[in-house]
Each structure stands twice: as structure tokens, then as C-alpha cells.
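Descriptive structure summary
Listed below are the residues making up each chain.
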Amino acid sequence: MSDRETAATAAPALDEATIERWVEEALAAVAAAESTAQLKRVRAQHVAEKSPLALANRSIGGLEASRRKAVGALVGQAKARVNRALAERETAVAAAELATQLVAERVDVTLPVGSTPVGAPHPITALMDDLGDVFLAMGWEIAEGPEVEAEWMNFDALNIGPHHPARATSDTLFVEPLSSHLVLRTHTSPVQIRSMLSRPLPIYIVCPGTTYRADEFDATHVPVFHQIEGLVVDRGITLGHLKGTLDHLAQVMFGDVRTRIRPSYFPLTEPSAEIDLECFVCRDRRRSGAEGECRTCHSEGWIEWGGCGVVNPRVLAACGIDPEEYSGFAFGMGVERTLMFRNGAADMRDMVEGDVRFSQALVGGAR
Ligand code: DAH
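Residues numbered from 1 in each chain as written. Predicted model: local features only at pLDDT ≥ 70, side-chain atom pairs only at ≥ 80, totals over all residues. Heavy atoms only, no water.

Okay, unusual backbone geometry next. With an omega dihedral of -5°, the bond running from glutamate 176 to proline 177 counts as a cis peptide bond. By secondary structure assignment, the location of proline 177 is in the loop between α7 (151–154) and β3 (182–184). In this structure, proline 271 follows glutamate 270 across a cis peptide bond, with omega equal to -5°. Checked against the element boundaries, proline 271 lands in strand β7 (residues 269–278). Of note, the phi angle at asparagine 159 is positive, near 65°, even though the residue is not glycine. Mapped onto the elements of the fold, asparagine 159 is located in the loop between α7 and β3. You can call asparagine 159 partly exposed: its relative accessible area is 22%. The phi angle at histidine 298 is positive, at roughly 50°, despite the residue not being glycine. (Helix = DSSP H or I, 4+ residues; strand = E, 2+ residues; numbered from the N terminus. Buried < 20%, exposed > 50% of the residue type's maximum accessible area, 1.4 Å probe, protein only.)

If you want it as C-alpha cells, here you go:
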């Protein structure tokens, strides 16, 4: 069988009526299609490769020369009609589909917004960041250390001997077994030791961090609390540098307030002092002419803020630093206490209970 005969068999009746019937069937299918997907099927069935019209088109070459032109024109026009109808319908259906989709996915921008509260950073976290920033601005670095600490770092290296009251089990939370000689750090001071052992001199660091003690849980004590430690080791460091640094910190934290350093005792510093803040509750009461005892400072006029001093030469020596060449100062204060003075938080229990209203009142509103 020759090619011509095959084509003739596949599309035997290429007369006007047959072609017209194909076109009408195709147009009816186009009109009935209601979706882009259905139109795609109509196109495949009526104009694509294996459709009668496509087969007819291919068989034109096999016709007698006298008929080719006329049949070619007929098939061409038929295809054009179907294609035009398809294109029009496709545009209309696509527009209708888009309109339906827009209605279905409509967002009412006038609806009230969700009332999910955004929360706030914890005031202690926010304050530790602020405290750190004061020192970063002066070119100091932030140092860190582990909360589960070697007893030696937490005590011995800081000149707190084995019989010092700070080592009694009533204050310190020891990690079992006791032979591990690990404790939950009772202060941030071990970070001084870690810094001196690992950093090149000079050292200018602060360490805001979490600390632990076997304390009561009441308005002024919580067993998990926070301190900020500071340490400077350089040539020619004096008590004057310490006072200037703490005055600057007090100004940034509390505004216009006087400070004093008062002799005290800490094993890690010699001489040691306590840094006090002028009681601003008293000061403001005096200014407003109030009488009676001040409950914040018991009318002392000063409130304790933290401990400080000149780094004990024995501590420098324990870290391999020559006390003849270098000297330093150190300080440590409670972050919770600082928050109480700064933001008027009266009860430390509020700081651990996790009520977002407390955070929002102290941080969310203030920021
Ligand atoms: N670590 C001491 C404490 O928790 C506070 C302290 C006192 C820190 C004197 C210091 C310091 O750096 O020099 O009670």
C-alpha cells in the first residue's frame, strides 16, 4: 500500500459536508467546555495531531492535483474557525476562572487584626544587655563561663579557702558526686579566673550571667539569680579607675545619683569595698517634704549595690600574672537588685514567675 492510499483511507471523504460536520462538532464541544482543563481536551480531540482535521490536512498531498487547492482551502478555513472559537472560549473561561478565584481567596483588609500578644524580652535579659552595652561602648569585651563550674574556679583560685563560710553546703549547690568537685557557680567571679587564664593582657571584660545559691524563695531572694562581673587587669590600675568606672555605670543606669565606696571584705580583692547608691527613694521623699522612715534604705540614705576592689595579688599569681607588673580592679553586682532600683520592681518573685504583663510593664512599655 502506497502512502497516498494510506492517507486516502484515513480520511476518505474530504468533501465539504464532512469537513463542515467536523467543524460543527468541534464548535459544539468548545461551547460546552466550562474549564481550561476541558478546553485542553477539546483542543486535543478536534485540532491537535490525531484529530480528523489534522489527519485531513496531512492527506491533502495525496489527493489528485485538481482537488488539492480547493480541499486545502476548506481544511485551512475549518481549522482557523475552530482555532478562533477555541481562543475566544479560552480567554472567556480563563477570565471567569480568575474571577471565581479572586472571590474565593478574597482577603477582607477591614477585618480587625489578630490580637495575639507579641510578648516582650524578660526584663532581666533586657537589663543584662543594657549593662553589657555600657561596657562595650567603652571598648570592653563580654566574657562567658560555664554555670556548672569547677570548685577550684569558683572558690580556691579566688582566694576563698576550703574553710571559708561561702563554701558551706547551706549556700552552695554542689553537683553529685561530691568527688567531681563541681558546683553550680555561686557568683560570676570565676569568669575572672577563666579570663585571666585564657586572654592576653591587658584585660577589660564584663560577664553578665546566671548564678545559683541554696537560698530561700522570697521577695528579696531567689535561688537562681543573675550578676554582672567586671574585671580589668592592666599596668598602673588604681582604685580611682574603679570608682570612675562604677560612677559612669551608675549614671547610665540611674541618672543623676551619687555613689560611695565603703570599706568591706572580699577574699578576691585587697582592699575590698562595697559600692553604695544614694537612696533615690529618700532623696525624692526629702525633696517632696515627706517625713517618716524610708522603707528602701531604713533611712540610712544609701543602698548597697555590689562588691568591688583591687584584685588581690594572690588571685593574679594563681593565674600566672605577675602582681609586680600588673594590677587590676574587679566588681560584681546583682542584676535583680539593679532592676529593683532602676525600675521599681519590688518583689523578686515577679522576676521568675513568667507573667508576660510584668515583662511588658518593665520592658515592653519602656522601650
Ligand atoms: N562575687 C562576690 C559575691 O557574689 C561579689 C564581688 C565582690 C565581686 C568583690 C567582685 C569583687 O568582683 O571584686 O558576693
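What follows continues from the structure just given.
Our focus in this paragraph is the packing of helix α3 (residues 36–46) against helix α5 (residues 65–104). For any two helices packed against each other, one specifies the crossing angle of their axes together with the interaxial distance. Close contact between α3 and α5 brings their axes to 9 Å; oriented N to C, the two are set at 165°. Relative to α5, α3 is oriented roughly antiparallel. Remark: the crossing between α3 and α5 carries left-handed chirality. From α3, Thr36, Leu39, Val42 and Arg43 reach across to α5, where they touch Asn83, Leu86, Arg89, Glu90, Val93 and Glu97. A class-by-class count of the residues in the contact of α3 with α5 yields four nonpolar, two polar and four charged. (Axes fitted to C-alpha atoms, helices over the stretch in contact; angles between N-to-C directions. Parallel < 35°, antiparallel > 145°, perpendicular 65-115°, else oblique. Left-handed = near helix turned anticlockwise from the far one by under 90°. Contact = heavy atoms within 4.5 Å. Nonpolar A, V, L, I, M, F, W, Y, C, P; charged D, E, K, R; others polar.)

A word on the site of the ligand. Residues in contact with the ligand amount to 15 residues; listed here are only the nearest, His187, Ser189, Gln192, Arg213 and Glu229. Glutamate 229 places a side-chain nitrogen or oxygen 2.6 Å from an oxygen atom of the ligand. The fraction of the free accessible surface of the ligand (360 Å²) that becomes covered by protein chains is 88%. Within the residue set of the shell around the ligand, elements represented by two or more residues are β5 (224–234), β8 (302–311) and β9 (327–334). Its residues assigned to classes, the shell around the ligand comprises five nonpolar, eight polar and two charged. (Near = heavy atom within 4 Å. Polar contact = N/O pair within 3.5 Å; in protein donor to acceptor, adjacent residues only side chain to side chain. Areas by Shrake-Rupley, 256 points an atom, 1.4 Å probe, with all protein chains shown as cover.)

Right, let's talk about the packing of aromatic side chains for a bit. Scanning the model with the defined rule gives seven aromatic pairs in all. Among the aromatic side chains, those forming a connected cluster through ring pairs are Phe135, Trp140, Tyr204, Phe329 and Phe331. (Phe/Tyr/Trp six-rings, centres within 6.5 Å; stacked < 30°, edge-to-face > 60°.)

This next bit is on the domain arrangement of the chain. The assigned domain composition of the chain is domain 1 (3–104) and domain 2 (123–366). Computed over C-alpha atoms, the centres of domain 1 and domain 2 are 87 Å apart. (Domains from an automatic or database assignment.)

To continue, consider the pairing of β9. The element β9 is largely enclosed, with a buried count of eight among its eight residues. Burial along β9 is two-sided: Ser327, Phe329, Phe331 and Met333 and Gly328, Ala330, Gly332 and Gly334, pointing in opposite directions, are all buried. In terms of strand pairing, β5 meets β9 through eight bridges, oriented antiparallel. Note that in β9 the partner of isoleucine 228 across the bridge is methionine 333. (Pairing = 2+ DSSP bridges.)

Spatially, seven strands are ordered β1-β4-β5-β9-β8-β7-β6 in an open sheet, and the strand pairing comes out mixed. Single-partner strands in this sheet number two, and they are β1 (141–142) and β6 (259–264). Pairing of strand β4 (residues 203–212) with β5 involves ten bridges; the strand directions are antiparallel. Bridge pairing links threonine 210 to histidine 226 in β5. Lying on the sheet, helix α6 (residues 123–136) is in contact with β1, β4, β5 and β9; it crosses β5 at an angle near 5°. Contacting β4, β5 and β9, helix α8 (residues 190–198) runs over the sheet at an angle of about 35° to β5.

Let us look at the confidence of the model for the chain. A residue-level look at the chain finds 95% of positions with pLDDT of 70 or above and a mean pLDDT of 90. A low-confidence stretch, residues 1–11 (pLDDT under 50), is modelled with six contacts involving residues beyond four sequence positions or located in other chains. (pLDDT = per-residue confidence, 0-100.)

A few words now on the pairing of β6. Both β6 and β7 contribute to a ladder of six bridges, which runs antiparallel. What sits directly across from threonine 259, in β7, is leucine 277. The hairpin formed by β6 and β7 contains four residues between the paired strands.

Let's shift gears to the pattern of salt bridges. Charged atoms that come close allow side chains of opposite charge to pair. Following the criterion strictly, the structure yields 17 salt bridges and no others. A salt bridge links arginine 194 to glutamate 149; its shortest N-O distance comes to 2.7 Å. Pair noted here: arginine 194 is in helix α8 and glutamate 149 is in strand β2 (residues 148–150), with a separation of 45 residues, a long-range link. Take arginine 194: its relative accessible area is 28%, and that puts it in the partly exposed class. Between arginine 258 and glutamate 278 there is a salt bridge; the shortest N-O distance is 3.8 Å. Taken together, the positions of arginine 258 in the loop between α9 (239–254) and β6 and glutamate 278 in strand β7 put the pair 20 residues apart, joining distant regions of the chain. Under the relative-accessibility criterion, arginine 258 is labelled exposed at 53%. Overlapping salt bridges bring together Arg260, Arg262, Asp276 and Glu304 as one network. (Salt bridge = Lys/Arg side-chain N within 4 Å of Asp/Glu carboxyl O.)

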